[in-house]
Each structure stands twice: as structure tokens, then as C-alpha cells.
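A look at the structure
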Amino acid sequence: MFRNAMPRYEILSEEAMATLDGGWRRIVSEIGVEFLSERALELFRQAGQKVEDQCVRFDPDFVLEQVAKAPRAFDVQARNPAHTVHIGDDSMVFGSVYGPPFVREGDVRRDAKLADFHSFAKLAQSFDAIDSAGGVVCEPEDAPLDSRHLDMTCALQTLTDKIYMGNVVSGENARDTLAMTEILFGGREAIEATPATISLINCNSPLRWDDRMLEAQFEYSAANQPVVLTPFLLMGAMSPVSIPATLAQQMAEALTGIALSQLIRPGAPVIFGSFLSNIDMQSGSPCFGTPESAIGLLCTGQIARRFGLPVRSGGGLTSSQTPDAQAGYESLMTMLPTFLAGINWVMHSAGWLEGGLVASYEKYVLDVQVLEMLQQEFTPLEIDEASLAFGAHDEVRHGGHFLGAAHTMERFRTCFYRPFVNSSDNYDRWVRGGAKDAAARAADVAQKRLAEYEPPPLDEAVREELEAYVTRRRRELGD
């Protein structure tokens, strides 16, 4: 977990915020939001909102009343207390890529396997800059569809001792995640007191929350586990092409989803989610790392803070098919504003490639490299007598050099951040080393990390109980 104590970069004036406020209020009250769940609709009816078929038209003040019940910040416990994280305030928590059905390793692009899922979980464990392996780090096609959520959850719980995300494919899958989390942390009371999972609830934008996501939301919010209420907005497809219209829609969708969590369980932890970019208006393909997405990200951080909510956005997003220069600059175009905006929960921090269709080993390592450098850059500069180093000036005087100065000799091992992927060799040495580019060097790092991986300790009785649960549920599910 990284504490970002730097000032937040805010671009919305008070007048602009007031205009956006009027925009989302009109959407929820005049157009409404669809909830494809009778349980959700009944809660809104009982709360006095206008329900017609599956569309709810909201009193905006009611929405704000519910949102105000959500905590400004909360902790999520890891089974290793050293990896417990704080969500909100000035904290930034980073998770791996989420959801790709494919994997890229070198020049090979292929279907993801359960072995890949395990490998990415091990990489997440091995890098201190990554706080969570995530959830569906990749979709393992060789695991049975009905029960693969059990395999993935068990891997996250045993191969890492960091926080993990819950499965949201269905309410049943959410219940399995909760049951396994109770085993790992010692019961329902323990995880309700301090949450132990985070779960992504995506809006089926525009203006629709679907039944499968809502069933998972009911389970997690009832258990006091945080949910990330996230509008999925690609401007030009799921929202209008203008950034202000998209921000107003995002507010309408996220705030109404958050209101539902508060009706399920008042005070349940939530995160104001945002996945905002645009499409290529020639091809219709999703684009990432665009100037528009960066502007939307900066605005989102400011908007969430206005409502007193933790915020999710950003990541190392790119449309590139390989871990090349395009992948690098597009990812930085997303990750830099993530830091500037002070985003609290950052999914897709490492490994995202090809618009989220691919989890890449090389890109994972390169993203962690960038993440470490940004964390160093956003650490406040300390200025004191020691850092002013007058003695070094006094020693070297005019026209000398500082390489051998006492101040340098005392600090040379730690004075600068040392990248673990970059090459600063001269040309001849670089050629002798194989003339490897950044992707090739990243592949070497990934292989070395996996070879050196050691599983974190876990009580054998807990491991056996988890395995027994997975075996029983797999049998019940028919796999």
C-alpha cells in the first residue's frame, strides 16, 4: 500500500461541479436507472422511490442520503497482517489485471490456463508494489466453467497472503467466496468486523444494473464486504461522446448502485468505481491511454472526494497487442493521472494488454517497474540540513566532482531508485549481454521471480478445510 501525500490535481471548478451535479440529478429523476432484480426493486419501492417495470426514478436527495451512510475509508484484512490495506484517504492500493481470456508469453498468444492463473498469483506475491493478485487475473479455460471460481479463489488464498477479490459471476459464486473467506479468517463474525475481500460490480452501461451482478452485490454487501460500483463507459458506445455527459452518467450509475448497497446494509463499505475511456470512431474498437480517458480519470477522483467516497479508476491500460512502446506510453497516460488524482483502489495495475483481452507476463513486469518508479516520484521530498549537504560542497569546492565525496560514499547504495528492468549499459556491453530489449529483459525477470517463488506459510488445517470445501462444492456443481 502506498501513501500518496502529494496534493491532488483537480481540474473542475465549482461552477463545473454544480453543472455536473444538475446533470446526474436529471438523469436519475427524469430517465431513471434499470435494476434487473426484483429484490432491488422491492427495496427501492419500500424506500419510496418511483418504480415502473424495472426502471427506478430516484429522488436525488434520497440517493445522497444513502450515499452519506457509506464510510469514507475502511481496512481490508489480509491473512498476513503486514499486507492488510487501508482503502480511502491518501492510500493507493494496487491490484493485477482482471478478466483476460488470453495470455501472451513472448511471441505466443494463447488461451489462459489454470497454470497461468497460478503463475500470475505468484508474481503478485513476489512484488511488494502489488497489494493484491486481484480476482480473475486470467480466465482459465482448462478449468470447468461451473467450478473454476473455486479453483481461482483457492489459488488466491493459498499462493498469496495478500488481499484478494471475490467472484461476481453469480450470487452462488459470491456465497462460495464468502464461505471460503470465512474458513481462511475464522468465521463470518471475523470478516464482518474487518472485511477480507473486495468485489467488482459492473454496471451494464448505459443505466442498467443486471441481475447476476446485483445478486453478487446483495451477498457481499450483506456480509459487509466492500463492493466497487463501476460504470463501464466507453464514450461513443456506452455513453455520449462528450466528457461532461459521460461524467454525469457515471455519477448517476455509481451513486444509485451505492444507494442500493446502503439499503442492503447501512454503512456497508463501497468504492465509487470508474472505467472510462472511448472508442475509435472509425473502427468502433475500444481505445485506452487516451487524453480523454486521462481527463475523465482526473475528474472522477475529484468527484468521488466531493461525495466523501473512496474511488477506483486507472491502471496500466493499453490497446497495444504486444508489450511495445505503444503499450508503454498508453499505460503511463493512464497510470500517471491515477497518481495525480489520488485514486484509492487501482485495478489492472500490472499485466493488461490488448484492450484487456490478454494478460502478459512481460507487460506485468514492465508495469510493476513503472509503478515502483511512480511511487518513488510521488513520495514527498524531505528537505533538511542533511539533505542540503553543505559539507559535500565544502569538501569538493570549485570544479571538482562529487563521486568520491564522503557524502556520496555514505549514501551511494540508497540515494537513487535503481530500476530492475532498465538497461543503462553502454552499447558494447549491451550487445555482449544479448542485445535484449525491455520486453526480453522483463521476460527474464518474470522467469526468475517464478523460479524463486516460495509459497507463504499457511496452517495445514486451514488448507485442508479449504481443499475439502472445493472438493465438496465441485461435486455438488456436477464437475
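Residues numbered from 1 in each chain as written. Predicted model: local features only at pLDDT ≥ 70, side-chain atom pairs only at ≥ 80, totals over all residues. Heavy atoms only, no water.

A word on the layout of surface pockets. Computed from the structure, the largest pocket encloses a volume of approximately 880 Å³. In this structure, the largest pocket is lined by 40 residues; those nearest its centre are Y98, G99, E139, N202 and M213. At the level of secondary structure, the elements contributing two or more residues to the lining of the largest pocket comprise α5 (148-159), α6 (171-185), β12 (197-203), α8 (211-222), β14 (227-235) and β17 (286-287). Ranked by the residues each element gives to the lining of the largest pocket, the list is headed by α5, at 3 residues. Approximately 460 Å³ is the volume found for the second largest pocket. Residue assignment for the lining of the second largest pocket shows that the elements contributing at least two residues are α13 (385-388), α14 (390-396) and α15 (406-411). (1 Å grid on protein atoms, 1.4 Å probe; cavity = no way out; pocket = protein on both sides within 12 Å on 5 of 7 lines; lining within 4 Å. Points joined across faces, edges and corners; volume = space filled by probe spheres on them. Helix = DSSP H or I, 4+ residues; strand = E, 2+ residues; numbered from the N terminus.)

With that out of the way, let us pick up helix α18 (residues 460-476). With 17 residues, α18 should reach 24 Å at 1.5 Å per residue; the first-to-last C-alpha distance of 24 Å fits that figure. Within α18, the full set of buried residues consists of V462, L466, Y469, V470 and R473. For α18, the buried positions fall inside an angular range of 95° around the axis, keeping them on one side. What points out from α18, more than 90 degrees from its buried face, is the exposed set E464 and R475. In this structure, the buried side of α18 is in contact with α5 and α6. In the stretch just after α18, G478 is the one whose phi turns positive, near 85°. (Expected span 1.5 Å × (residues − 1). Buried < 20%, exposed > 50% of the residue type's maximum accessible area, 1.4 Å probe, protein only. Arc of directions from axis to C-beta. Contact = heavy atoms within 4.5 Å.)

With that out of the way, let us pick up the environment of S349. Position of S349 relative to the elements: it lies in the loop between β19 (345-346) and β20 (352-353). Taking C-alpha positions, S349 is 9.9 Å from D131, a pair spaced 218 residues apart along the chain. Setting aside residues no more than four positions away along its own chain, S349 makes contact with F94, G95, S96, V97, I130, G315, G316, M335, D367 and L371. Here V346 takes part through its backbone oxygen, which lies 2.9 Å from a polar atom of the side chain of S349. (Polar contact = N/O pair within 3.5 Å; in protein donor to acceptor, adjacent residues only side chain to side chain.)

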